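Structure at a glance
Spelled out from the first residue to the last, the chains are:
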Amino acid sequence: MNVGWRWCLRGFAILDTNANAINKELIMRVLVIGSGGREHALVWKLSQSSGVDRLYCAPGNAGIGETAQTVDIPPDKVSHLLQFAKSEKVDLTVVGPELPLTLGIVDRFEKAGLKIFGVNSQAAQLEGSKAFAKRLMQESRIPTAPFVVFNDMKQALRYLDLKGAPCVIKADGLAAGKGVTVAQTREEAEKAIVEAMKEEIFGDAGKTIIIEECLQGEELSMMALVDGNTVFPLALCQDHKALQDGDRGPNTGGMGAYSPVTHFGGELESEIVDTVLRPVVRALRKRGIAYRGVLYAGLMVCGGRPTVLEFNVRFGDPEAQPLLARYTGDLLLTLEAVVDQRLACIESQWDSRAAVCVVLTASGYPGSVRSGDIIQGLDSLKAFKDVMVFHAGTERKGDQVVTKGGRVLGVTALGETFPKAVERAYEAVGKIRWEGMHYRKDIGHRAVRKAA
Ligand code: AMP
Ligand code: GLY
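Throughout, residues of each chain are indexed from 1 in the direction in which the sequence is written. For this description, chains carry letters from A and ligands carry numbers from 1, given in the order in which they are written. Local features in this predicted model are restricted to residues of pLDDT 70 or higher, and side-chain atom pairs are both shown and tallied only at a pLDDT of 80 or more, whereas totals for entire chains, interfaces and linings draw on every residue. Computation of side-chain values: all heavy atoms of the structure, hydrogens and water removed.

**Let's talk about the overall build of the protein**
- For helices the rule is a DSSP run of H or I covering at least 4 residues; for strands it is a run of E covering at least 2, with both sets numbered from the N terminus onward. Looking only at helices and strands, the protein has 15 helices and 22 strands in total.
- Atoms considered for the radius of gyration are the C-alpha atoms alone. The globule rule reads 2.2 Å times the number of residues to the power 0.38. Its C-alpha atoms give the protein a radius of gyration of 22 Å, within 12% of the compact-globule value 22 Å for 452 residues.
- We call a residue buried when its accessible area falls under 20% of the maximum for its residue type, exposed when it is over 50%, and partly exposed in between, using a 1.4 Å probe and counting protein chains only. For the protein, the proportion of its 452 residues judged to be buried stands at 56%.
- Put simply, the protein shows about 19200 Å² of open surface, and 47% of that area lies on carbon and sulfur atoms.
- Where the 55 positive side-chain charges of the protein centre and where its 54 negative ones centre are 2 Å apart. For accessible areas, the Shrake-Rupley method is used with a probe of radius 1.4 Å. Any residue's cover is judged against the shown protein chains and nothing else. Neither His nor the chain ends contribute to the count of charged residues, in which Lys and Arg are positive and Asp and Glu negative. To locate a charge, the coordinates of NZ of Lys, CZ of Arg, CG of Asp or CD of Glu are taken.

**Section: the site of ligand 1**
- Around ligand 1 lies a shell of 16 residues, among which Glu212, Leu215, Glu219, Lys241 and Glu310 are the nearest.
- Between N or O atoms, a polar contact is any pair within 3.5 Å; within protein, one atom must be a potential hydrogen donor and the other a potential acceptor, and residues adjacent in sequence are included only when both atoms are from side chains. One of the side-chain nitrogen or oxygen atoms of Lys130 is found 3.3 Å away from an oxygen atom of ligand 1.
- Glu212 places a polar side-chain atom, nitrogen or oxygen, 2.7 Å from a nitrogen atom of ligand 1.
- For ligand 1, whose accessible area on its own is 470 Å², the fraction buried by protein is 91%.
- In terms of residue class, the shell around ligand 1 is built from eight nonpolar, one polar and seven charged. One heavy atom within 4 Å of a molecule or strand is enough for the residue carrying it to be called near that molecule or strand. Under this grouping Gly is polar, as are all residues other than the nonpolar Ala, Val, Leu, Ile, Met, Phe, Trp, Tyr, Cys and Pro and the charged Asp, Glu, Lys and Arg.

**Notes on helix 8 (residues 130-139)**
- Summarising burial for helix 8: seven of the 10 residues are buried, a large majority.
- Among all positions of helix 8, only Lys130, Ala131, Phe132, Ala133, Lys134, Leu136 and Met137 are buried.
- After helix 8 finishes, the residue Arg141 shows a positive phi value of roughly 55°.

**What about empty space enclosed by the protein?**
- A cavity here means a set of points on a 1 Å grid, drawn over the protein atoms and nothing else, where a 1.4 Å probe fits but cannot get out; a pocket is an open set with protein on both sides within 12 Å along at least five of seven lines, and a residue lines either one if it has an atom within 4 Å of a point. Grid points are joined across faces, edges and corners, and a volume is the space filled by probe spheres set on the points. Applying the stated criterion across every chain, the model contains four cavities of 30 Å³ or more.
- Approximately 60 Å³ is the volume attributed to the largest cavity.
- Lining the largest cavity, in full, are Leu225, Leu234, Phe315, Leu323, Leu324, Tyr327, Leu331 and Trp350.
- The residue makeup of the lining of the largest cavity, split by class, is eight nonpolar, no polar and no charged.

**Examining the nonpolar core**
- Definition used in this section: a nonpolar core is a set of buried Ala, Val, Leu, Ile, Met, Phe, Trp, Tyr and Cys residues joined via side-chain atoms within 4.5 Å. Counting residues in hydrophobic clusters, the biggest one holds 82 residues, and the most contacted among them are Ile105, Leu126, Leu277 and Phe311.
- In terms of residues, this core owes the most to one element, helix 11 (residues 267-286), which gives nine residues.
- Counting residues in each nonpolar core, the second largest holds 41 residues, with Val32, Phe117, Ala320 and Val339 among its members.

**What to know about the packing of aromatic side chains**
- Aromatic rings from Phe, Tyr and Trp, taking only the six-membered ring of Trp, are treated as a pair when their centres fall within 6.5 Å; an angle between ring planes under 30 degrees marks them as stacked, one over 60 as edge-to-face, and anything in between as tilted. The full count for this structure, using the stated rule, is seven aromatic pairs.
- Relative to Phe418, the ring of Tyr258 lies with its centre 5.2 Å away and its plane at 85°, an arrangement referred to as edge-to-face. Here Tyr258 is found in strand 15 (residues 256-259), whereas its partner Phe418 is found in helix 14 (residues 418-429), with 160 residues between them in sequence. For the pair formed by Tyr258 and Phe418, the shared burial category is buried.
- Seen from their ring centres, Tyr327 and Trp350 are 5.1 Å apart, and the 70° between their planes marks the pair as edge-to-face. On the criterion of sequence distance, the pair formed by Tyr327 in the loop between helix 12 (320-326) and helix 13 (331-339) and Trp350 in the loop between helix 13 and strand 18 (354-361) is long-range, its members being 23 residues apart.
- Among the residues examined, Trp350 registers a relative accessible area of 24% and is labelled partly exposed.
- The residue whose ring lies beneath Lys441 is Tyr439, and the NZ or CZ to ring-centre distance is 4.5 Å. Lysine and arginine charges are scored as sitting over a ring when NZ or CZ, respectively, is within 6 Å of the ring centre and within 35 degrees of the ring normal.

**Structural notes on the sheet that holds strand 17 (residues 305-312)**
- On the basis of which strands lie adjacent, the open sheet formed by four strands has the order 11-10-16-17 and antiparallel pairing. Looking at the sheet topology across the chains shown, the edges are occupied by strand 11 (231-233) and strand 17. When strand polarity is set aside, the average angle formed by the axes of neighbouring strands in this sheet is 35°.
- Relative to strand 11, strand 10 (residues 218-227) is paired through three bridges, and the arrangement is antiparallel. Within the sheet, the bridge partner assigned to Leu225 lies in strand 11 and is Phe232. Any two strands with at least two DSSP bridges between them are considered paired. Here the axes come from fitting lines to C-alpha atoms, over the contacting stretch only for helices, and the angles between their N-to-C directions go from 0 to 180 degrees.

**A few points about the site of ligand 2**
- Around ligand 2 sit Asp239, Lys241, Gly253, Tyr296, Asn312, Arg314, Gly316, Asp317, Pro318 and Glu319, and that is every residue in its neighbourhood.
- The contact in question runs from a nitrogen atom of ligand 2 to an N or O atom on the side chain of Asp239, over 2.8 Å.
- Contact distances for ligand 2 include 3.2 Å between an oxygen atom and a side-chain N or O atom of Asn312.
- Compared with its free state, where it exposes 200 Å², ligand 2 has 90% of that area covered by protein.
- Its residues assigned to classes, the shell around ligand 2 comprises two nonpolar, three polar and five charged.

This is the structure in structure tokens:
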């Protein structure tokens, strides 16, 4: 990267013909918040940026600890994180998960004069309240499934009697990825309504629910960076939500993902930008909400047209893993450009190869999981070319790495073609083992079929 390019990215405040002065300005302390595969991928990519001097991650995991200094503060302890960022003179904080965003971490850091990448609490409602997101989409004519919002269980059950199954029941608030039931029968739907509204299994998050029409089609995710005005589309990704091969079994946070997705044809991407991403940023702006951060649209492609299932206000996980594996731009400069509202200066740069991420989970996932199993084979993968092992639920215990959570590792591989990327990823997966390890054997199957 030449110096002139950096001037464009950083604005003219640092315009200086002395290259050393510019380099000094570019050296930054960066804090990443979170502990999943997404955060490991962020740390990995940020560590490649020449502008990063010191990298911290709170709380991080065993893999992240090899690249960044881990800090034992959970993501929801906003005051502690702020205190840490102040005391360590952190120049930029990058927020991974949604919870701190909905808790207003960005508002708090900005008020304290600290730079932070992520949306503010008002914009975070787009993920924090499904009713808010659905109403916004309805008002702005963004394609989404027809729906009704309920605060009263009796009314919800009466509506169910009228509409019948299949239908989709969604808890309004954050429910750790468990708040959605795609009900094939009336009984399943009733159970989901009662559990959310009477038994309050999601606490306050389920006091309001949405009943929406069940859509048929193929799922797809598209993320973009947004600096308030400019929408910077990222490559299309496809997640595999179900636990078992062939999209069977319960839904999970995601069992694997790949990028790019080319089998829908090139037009779909610009259609999503024009009919979904730009309109939602505009609709929020009309309400006085500036959107600065990641905008994630979870979509169902129905008859070739994109329909929104949900919005998230952060990078998808595992989608971030293949996505960042392919991003060849400087991530620090890109994220800073979002914060400084200079995204229009950034060029989109991607590795033309395919990336595939296979998620390895612990025994019991997505239910209650067993932790503390020793992971074997990690060292042998360090020599694998174009394979990144992103850690999620892992912990270092002495000289061992052990499981600590449901999704444990994301084995991500690059390949000249999809079949090559898939083959490389599974070859690497074959070297890893622990008791109770589970993974899907068919990640990327649609792309592989298409490539055949
Ligand atoms: P969400 O958190 O809203 O994306 O929902 C989680 C998952 O539930 C999605 O990835 C889909 O697999 C499924 N889902 C959500 N809404 C619908 C819908 N209207 N029709 C069919 N499936 C849906
Ligand atoms: N993989 C889906 C999500 O991050 O919400």
